[in-house]
Amino acid sequence: MFKHFLSNNRFKLCLAVQKQLQSNPHSVKLYSKTASQRKQLGGFEYKEDTSGFKNSVAVTNTHLEVKETTHEKLEFGFEWLRENCRCTSCYNGITNQRNVQIFDIRTDIQPTNFSLSHNNLKIVWNDGHHSEYALDWLRVQSRDEASPTEVLWSGDMSAHVEYVTASEIKTRNGITRLIKSLLEYGVGFVTNVKPDIQTTKEVIRHIGPPQQTLFGSMWEFSDTMDHLDTAYSNVALDAHTDTSYFIQPAGYMK
């Protein structure tokens, strides 16, 4: 039966589930699917039959899906999950650095067994490694979260872009509104900023680190001609690019 609805690369996974069924027949439910559904989901779905806990996990040919009671679906590629294993041998929790190089991960990495218990997903990989992930952490990392859509300017956009005060920029709500405005409309405004270097620097640091230039990270100038450059005058500057010869020019964000 198992060979008929699972591809060969899922056979080991099925044997593990079969063993689980023999030891505890009420802990796992298998679902018969149509041919198209079996192809889409790898023919296999696992649910832990625990009272009050209805999340489920399904395996496809390329990724793992966590289906939640809220009808949300979290999808994670096998390579990403293996690279982001949070066990002590793969991840340094003190420095928040990975100990695993992605080039060391098998190109055919995939689960051979997995289990879902309350708030934890446990996976055994075909390289023999055991991983465990908290569902709360996976929700934060989920690639299902939609990114803001870029909006082309048309007419008066003042009602759409965000204006955030210098005090609001220090709050999660304020910085979220500003970043969302930047991502959607390419512009956002911070108001009530004292016109001095230190205050401006404090505001900028809530958004991101000031970048280094040949002038330093922060500087000020006035409308004098000490540098024989119209940039230091009161003549309006058209759109232009500064420090484009730098590896990371000012204004460039990775």
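Computed from a predicted structure; not experimentally measured.

Draft legend 1. Structural context of the overall build of the protein chain. Across its full length, the protein chain carries 7 helices and 11 strands. Long-range contacts, defined here as pairs at least 24 residues apart, represent 42% of the contacts in the protein chain between residues at least 6 apart. Surface exposure of the protein chain reaches about 17100 Å², of which carbon and sulfur atoms provide 52%.

Draft legend 2. Highlighting the pairing of strand S4 (residues 73-77). Most of S4 is tucked away: 4 of the 5 residues are buried. Pairing between strand S3 (residues 63-67) and S4: 5 bridges, direction antiparallel. Among the inter-strand pairings, His63 is bridged to a residue of S4, identified as Gly77.

Draft legend 3. Fine view of the pairing of strand S7 (residues 111-117). With 6 bridges joining them, S7 and strand S8 (residues 120-125) adopt antiparallel strand pairing. Across the sheet, residue Leu116 finds its bridge partner in S8, namely Leu121. Between S7 and S8, which pair antiparallel one after the other, the connecting turn spans 2 residues, and His118 there sits at a positive phi close to 55°.

Draft legend 4. Structural view of the environment of Ile105. Looking at where Ile105 falls in the secondary structure, it is placed in the loop between strand S6 (97-98) and S7. Residues Ile105 and Trp80, spaced 25 residues apart in sequence, show a C-alpha to C-alpha distance of 10.0 Å.

Draft legend 5. The arrangement of the environment of Gly188 in detail. Tracing the backbone shows Gly188 in the loop between helix H6 (172-185) and strand S11 (189-191). Along the chain, Gly188 and Tyr163 lie 25 residues apart, while their C-alpha atoms are 6.3 Å from each other. Leave out the neighbours within four places in its chain, and Gly188 touches Glu162, Leu178, Ser181 and Leu182.

Draft legend 6. Structural context of H6. Its 14 residues give H6 an end-to-end C-alpha distance of 20 Å, which sits within 8% of 20 Å, the value for a rise of 1.5 Å per residue. By the burial criterion, the buried members of H6 are Gly174, Ile175, Leu178, Ser181, Glu184 and Tyr185. Where H6 is buried, its residues meet strand S10 (163-165), S11 and helix H7 (197-207). A positive backbone phi angle near 80° is found at Gly186, which sits one or two residues after H6.

Draft legend 7. Structural context of the sheet that holds S7. The strand order across the open sheet built from 3 strands is S7-S8-S9, with neighbouring strands paired in antiparallel fashion. What marks the edges here is a single partner per strand, and that holds for S7 and strand S9 (130-134). Across this sheet, the average inter-strand angle for adjacent strands is 15°, counted without regard to direction. Where S8 meets S9, 5 bridges bridge the pair, whose relative direction is antiparallel. Looking at S9, one finds that Leu121 is bridged to Tyr133.

Draft legend 8. A nonpolar patch on the surface, seen in detail. There is a patch of nonpolar side chains on the surface, built from Leu214, Phe215, Trp219, Phe221 and Tyr245 and spanning about 600 Å² of accessible area. As for its placement among the helices and strands, Leu214 is situated in the segment after H7. Given a relative accessible area of 54%, Leu214 falls into the exposed group.

Draft legend 9. A look at the packing of aromatic side chains. Applying the stated criterion across every chain yields a total of 5 aromatic pairs. Ring plane angle 25° and centroid distance 5.5 Å describe the contact between Phe76 and Trp80, whose orientation is recorded as stacked. Residue classification places Phe76 among the buried residues on the basis of a relative accessible area of 3%. Each ring, one from Tyr163 and one from Phe189, has its centre 4.7 Å from the other, and the planes form 10°; the classification is stacked. Of this pair, Tyr163 sits in strand S10 while Phe189 sits in strand S11; the two residues are 26 residues apart in sequence, bridging distant segments of the chain. Each residue in the set Phe76, Trp80, Tyr133 and Trp137 is aromatic and connected to the rest through ring pairs, giving one cluster. Over the face of the ring belonging to Tyr91 we find Arg86, whose NZ or CZ atom lies 3.9 Å from the ring centre.

Parameters at a glance
- Residues numbered from 1 in each chain as written.
- Predicted model: local features only at pLDDT ≥ 70, side-chain atom pairs only at ≥ 80, totals over all residues.
- Heavy atoms only, no water.
- Helix = DSSP H or I, 4+ residues; strand = E, 2+ residues; numbered from the N terminus.
- Contact = heavy atoms within 4.5 Å.
- Areas by Shrake-Rupley, 256 points an atom, 1.4 Å probe, with all protein chains shown as cover.
- Buried < 20%, exposed > 50% of the residue type's maximum accessible area, 1.4 Å probe, protein only.
- Pairing = 2+ DSSP bridges.
- Expected span 1.5 Å × (residues − 1).
- Axes fitted to C-alpha atoms, helices over the stretch in contact; angles between N-to-C directions.
- Patch = residues over 30% accessible without salt bridge, like charges linked within 9 Å, V, L, I, M, F, W, Y side chains within 5 Å.
- Salt bridge = Lys/Arg side-chain N within 4 Å of Asp/Glu carboxyl O.
- Phe/Tyr/Trp six-rings, centres within 6.5 Å; stacked < 30°, edge-to-face > 60°.
- Lys NZ or Arg CZ within 6 Å of the ring centre and 35° of its normal.

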